Amino acid sequence: MKFITVIILLLASLCAFCAEPVCEVAYNKDISRRSQQGMAVWGDMVLAFEHGGHCVVYDRSDGALRKMGEFDVESSSPDNHCNQANFGVEKLPSGHMPVIYLSVSKPGSPLDMRCHVENIYRKGGKWNSHLVQTIELDTIGWRARNLNTIFGAPSWLIDRERGNLWVFSAHRRTIPKYTPEFADNKLVAIRFRIPLLSEGKYVKLGADDILEQVVFDMDAYATQSGSIHDGKIFYSFGFGDKYPATTSKVRIYDIDRRAIAARVDLDSLIPQELEALVVDGKRMLINTNSPYVYSVPVPTMSNDVLLRGTYAVEPFSAIEERDAPQGYVPFMISSYCRHGIRHIDTPTVLPLVRNALEWGDSSQQLTGLGKIILHRLQAIWPTVSLRTGDLTAGGVCQWETYARKISREYPEIMAPGARVNSQSTNVMRTARSMEAFNRAISAVAPGTIVHSDASSSFHSWLNPYANDCPTKLPVDEDIRSNSGRWYALWRNFVSEKIDLDEWLGGIFQIPDSVKLHFDAVELCEAMFTLACAAPALDRPESFSELFKPDQAWGMWEADNLRMYMQKGRHSVNFGRGWQQAARILDNIVFQADADIASGYRGLRMRFGHDGCLMALLALIEADSWGVSTDNPNEVKHIWQTWRIPMASKVNFVFYRNHKSKDVIIKVLLNGKAMKLPLDSKGNDYCYDWQQFRRTALDKIRVCMEALSSPPDLK
């Protein structure tokens, strides 16, 4: 099976987060009296910067550092801390390497918010540096725009792989004096474009230039310096053994998934103050305020973000598993897609959370954590109020990204003359997702003929669960509403997985008093939804402290069970939960028959919702989605909501053999090939179209007969 069980994922997470790191001295430097700061590596050269702007260049080709020269950067001054050094993407003709971005990052310095871009070159055997641009961060107006604010000391990080400039800082200073508890602070990453050198000597970046903000939990003191690699921020923390609370640590932040990907606690292994971190192949090189540069292996990344379930974010980072037997060439992709990142789509969730917290505040029932959570909710309220279910700017960006990805990875399909036909439900988030994709595909695939439409008349095959779907019977809403028999079973499961009194006690001082005013299960579910959704909002926030790790996994398991009861093969939905997907499959088969006959080349895009996509997978019995069980503790092993993140899609990729004219298909969920209960052609999970078609039509017929008459609910 091509799915990973929760147990394996938890073990992997434990290994990634708890394993004792291997740490050794990689290089020795010839240091001056000034403090060591930023460091950058270019091939066999290591550039070690010191406070004030002095740089020593080393050759490491022989496995040790050999001093090649030294110089002062043109931006050198007593206030220039040179806290961080990242190579950019532009290279001047005179430069020995790409221009380098030097962060000042010194609280209290008049230069604190500046980044100096220097061109390093060698002339007459001497190293020199010329200041080619100064970038300054302007934070005026951030609060008025409801953006996350930072205290200062920005680290300017260049993502060379994706061509972005990130500023990394925190709400307030990251030392114990200003952040006595980690919950009092959050780290903030802010994405900008990289200004071109041709834009001039001085560039100011302000609120209008922000492309994205990401918020991360803080669990280590004293931010130092870092770099970006593979869509992740690698960052160092700590003053070494100087203070017990600020020992040496490394944290890796996944920008795409908006979560901590790995924790490396170096503590006594590196007794000196950490200063800079560079990813060098499979290891991290860590500069310290000493003669030593340490080497630590890049750790295994954690999967804790999975507990966000359907609120996780599809980053489109994996290459599509499109391999097929020799001689078969893809000519069409027929898809069912979920909309991109959206706001919470249940209108009662946020008011319930706010009412409970404000009641606790007015009755002096909130704990210290409860007060922090209320403050955070009030901060984001202007950006979430009245936005129920709306698509975010991040959701638009997702589908623009996928348009570029599919054009790049399927050139046979997207060659000039390709056709793209898209349909969406009349829900704004699906229609806007479709528009974003179509607009981007027209730009990146010139010559493509694009047609699209959004309508409630498409609901019978895009969302047969919609209230206005003509094929939906009243019994279908009864089955999935809280009056359905699933709800009592689900509430019992929540109570088994979560000690509700213990959970309430973290936020409110007297749990029993809370339960007199609010339903504890409903409140727990609402706060878990908030915790899962908030990191991906356009004004992101983290509410991770609402749940301890075991509580969070318990609530994910409960949420996962809820979706299975409603759309999977659990007896509580009488089969109608997954059988409704027969209408979706019927449209896919019918349209494919017509397209194969006409010689169609291109895409068929259907924009809908997560539950529909899950039901479709359950119907065709892809991987383990079609397994049936009434044991709630078994569900997590066969059904995982995290496999349907925001902007998910299931692609039916059609291939044709131009000699035999045979057609085969491959079913991909977010780019990963899925196993079907059919005879596979080769080892790539490819299936004969005619066999798939016959099996699908049989399933459709059986489901339609069952759906035509309502079950006896008694």
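On a predicted model such as this, the values are computed, not experimentally measured, just so you know.

### Some thoughts on the overall build of the protein
Thought 1: When helices and strands are counted, the protein shows 17 helices and 29 strands.
Thought 2: Over its C-alpha atoms the protein spans a radius of gyration of 28 Å, differing by no more than 12% from the 27 Å that the globule rule assigns to 714 residues.
Thought 3: The 714 residues of the protein split such that 59% are buried.
Thought 4: If you sum the accessible surface of the protein, you get close to 28,100 Å²; carbon and sulfur atoms cover 51% of it.
Thought 5: Positive and negative side-chain charges of the protein, numbering 80 and 82 respectively, have mean locations separated by a distance of 4 Å.

### Quick word on the state of the cysteines
Cysteine pairs can be covalently joined through their sulfur atoms, and such a bond is termed a disulfide.
Thought 1: Using the criterion set out here, one finds 0 disulfides in the structure.
Thought 2: The structure places no disulfide on Cys 82, whose sulfur is separated from the nearest cysteine sulfur, that of Cys 55, by 8.4 Å.
Thought 3: Owing to a relative accessible area of 0%, Cys 82 belongs among the buried residues under this scheme.
Thought 4: Unpaired in terms of disulfides, Cys 612 finds its nearest cysteine sulfur in Cys 469, a separation of 9.4 Å.

### A closer look at the packing of aromatic side chains
Thought 1: Scanning the entire structure with this criterion turns up 32 aromatic pairs.
Thought 2: Taking the centre distance of 5.1 Å and the plane angle of 35° together, the rings of Phe 316 and Tyr 402 count as tilted. Of this pair, Phe 316 sits in the loop between strand 21 (292–297) and strand 22 (328–338) while Tyr 402 is found in helix 4 (residues 393–409), placing the two residues 86 residues apart along the sequence. In terms of burial, Phe 316 and Tyr 402 fall into one category: buried.
Thought 3: Centroid distance Phe 528 to Phe 547: 5.5 Å. Interplanar angle 85°. Geometry classified as edge-to-face. Here Phe 528, found in helix 11 (residues 520–533), pairs with Phe 547, found in the loop between helix 11 and helix 12 (549–567); they are 19 residues apart in sequence, far enough to count as distant.
Thought 4: Overall, the relative accessible area of 6% leaves Phe 528 in the buried class.
Thought 5: Taken together through their ring pairs, the aromatic side chains of Phe 168, Phe 216, Tyr 235, Phe 237 and Tyr 253 make up a single cluster.
Thought 6: Positioned over the ring face of Tyr 465 is Lys 567, at 4.4 Å from the centre of the ring.
Thought 7: Positioned over the ring face of Tyr 600 is Arg 604, at 4.6 Å from the centre of the ring.

### Regarding the pattern of salt bridges
Thought 1: Applying the stated rule across the entire model yields 47 salt bridges.
Thought 2: Notably, a salt bridge pairs Arg 562 with Asp 559, separated by 2.5 Å at the nearest N-O pair. In this pair, Arg 562 and Asp 559 both sit in helix 12, 3 residues apart, roughly one turn of the helix. Just as Arg 562 is buried, Asp 559 falls in that class too.

### Concerning the pairing of strand 13 (residues 202–205)
Thought 1: Every second residue of strand 13 is oriented toward a common face, the buried set being Val 203 and Leu 205 and the non-buried set Tyr 202 and Lys 204.
Thought 2: Across 4 bridges, the pairing between strand 9 (residues 126–137) and strand 13 is parallel. Bridge pairing in strand 13 places Glu 136 opposite Lys 204.

### Regarding the environment of Asp 538
Thought 1: Among the structural elements, Asp 538 can be located in the loop between helix 11 and helix 12.
Thought 2: Residues Asp 538 and Ile 380, spaced 158 residues apart in sequence, show a C-alpha to C-alpha distance of 10.0 Å.
Thought 3: Excluding residues within four positions of it along the chain, Asp 538 makes contact with Thr 392, Ala 393 and Gly 394.
Thought 4: Here the side chain of Asp 538 touches Ala 393 through a polar contact of 2.8 Å, landing on its backbone nitrogen.
Thought 5: A polar side-chain atom of Asp 538 sits 3.2 Å from the main-chain amide nitrogen of Gly 394.

### Structural notes on the nonpolar core
If you look at soluble globular proteins, the nonpolar side chains tend to sit buried side by side.
Thought 1: Within the largest apolar cluster, 107 residues are counted, with the highest numbers of intra-cluster contacts made by Leu 357, Phe 508, Phe 547, Leu 616 and Phe 652.
Thought 2: By residue number, the principal contributor to this core is helix 11, which donates 11 residues.
Thought 3: If we ignore the near neighbours within four places in the chain, the residues touching Leu 357 are Leu 366, Gly 370, Ile 373, Leu 374, Leu 377, Ile 507, Phe 508 and Met 527.
Thought 4: Core analysis: the next-biggest nonpolar cluster, separate from the first, contains 31 residues, Cys 337, Ile 406, Val 653 and Cys 686 among them.

### Looking at the pairing of strand 20 (residues 283–288)
Thought 1: Of all 6 residues that make up strand 20, 5 are buried, and the element is covered over most of its length.
Thought 2: Pairing of strand 19 (residues 274–280) with strand 20, which is carried by 6 bridges, proceeds in the antiparallel orientation. Residue pairing in the sheet places Val 278 in a bridge with Leu 285 of strand 20.
Thought 3: Between the antiparallel neighbours strand 19 and strand 20 lie 2 residues, among them Gly 281 with a positive phi of about 70°.
Thought 4: Alignment of strand 20 against strand 21, held across 5 bridges, turns out to be antiparallel. Each bridged residue has a counterpart across the sheet, and for Met 284 the counterpart in strand 21 is Val 296.
Thought 5: The loop that links strand 20 with its antiparallel partner strand 21 comprises 3 residues.

### A closer look at the side chain of Lys 186
Thought 1: By the element assignment, Lys 186 lies in strand 12 (residues 186–193).
Thought 2: Its relative accessible area of 1% is what places Lys 186 among the buried residues.
Thought 3: At 2.4 Å, the side chain of Lys 186 and the side chain of Asp 217 are in polar contact.
Thought 4: Setting aside anything within four residues of it in sequence, one finds Lys 186 in contact with Ala 170, His 171, Val 215, Phe 216, Asp 217, Arg 376, Glu 541, Ser 542, Ser 544 and Glu 545.

### Digging into the sheet that holds strand 5 (residues 66–72)
Thought 1: Read from one edge of the open sheet, 4 strands run 2-3-4-5, paired in antiparallel fashion. Each edge of the sheet is formed by a strand with only one pairing partner; in this case those strands are strand 2 (36–42) and strand 5. Along the sheet, successive strands turn relative to each other by an average axial angle of 20°, direction set aside.
Thought 2: Here 6 bridges tie strand 4 (residues 54–59) to strand 5, and the two strands are oriented antiparallel to one another. Of the residues in strand 5, the one forming a bridge with Cys 55 is Phe 71.

### Quick look at helix 15 (residues 610–620)
Each α-helix winds once per 3.6 residues, and so residues spaced three or four apart point in a common direction.
Thought 1: For helix 15, a buried count of 11 out of 11 residues is recorded, marking the element as mostly surrounded by other parts of the structure.
Thought 2: Residues of helix 15 that are buried: Asp 610, Gly 611, Cys 612, Leu 613, Met 614, Ala 615, Leu 616, Leu 617, Ala 618, Leu 619 and Ile 620.

### Focus on the environment of Ser 680
Thought 1: Structurally, Ser 680 can be placed in the loop between strand 28 (672–673) and strand 29 (686–688).
Thought 2: Residue Ser 680 is classed as partly exposed on the basis of its relative accessible area of 36%.
Thought 3: Along the primary structure Ser 680 and Trp 553 are separated by 127 residues, whereas in three dimensions their C-alpha atoms are 36 Å apart.
Thought 4: Non-local contacts of Ser 680, meaning those with residues more than four positions away in its chain, are made with Tyr 685, Cys 686 and Tyr 687.
Thought 5: A distance of 3.1 Å separates a polar side-chain atom of Ser 680 from the backbone oxygen of Gly 682.

Scoring rules and cut-offs
- Residues numbered from 1 in each chain as written.
- Predicted model: local features only at pLDDT ≥ 70, side-chain atom pairs only at ≥ 80, totals over all residues.
- Heavy atoms only, no water.
- Helix = DSSP H or I, 4+ residues; strand = E, 2+ residues; numbered from the N terminus.
- Rg over C-alpha atoms; globule rule 2.2 N^0.38 Å.
- Buried < 20%, exposed > 50% of the residue type's maximum accessible area, 1.4 Å probe, protein only.
- Areas by Shrake-Rupley, 256 points an atom, 1.4 Å probe, with all protein chains shown as cover.
- Lys, Arg positive; Asp, Glu negative; His and termini not counted.
- Charge placed at Lys NZ, Arg CZ, Asp CG, Glu CD.
- Disulfide = S-S within 2.5 Å.
- Phe/Tyr/Trp six-rings, centres within 6.5 Å; stacked < 30°, edge-to-face > 60°.
- Lys NZ or Arg CZ within 6 Å of the ring centre and 35° of its normal.
- Salt bridge = Lys/Arg side-chain N within 4 Å of Asp/Glu carboxyl O.
- Pairing = 2+ DSSP bridges.
- Contact = heavy atoms within 4.5 Å.
- Polar contact = N/O pair within 3.5 Å; in protein donor to acceptor, adjacent residues only side chain to side chain.
- Core = buried A, V, L, I, M, F, W, Y, C linked by side-chain atoms within 4.5 Å.
- Axes fitted to C-alpha atoms, helices over the stretch in contact; angles between N-to-C directions.

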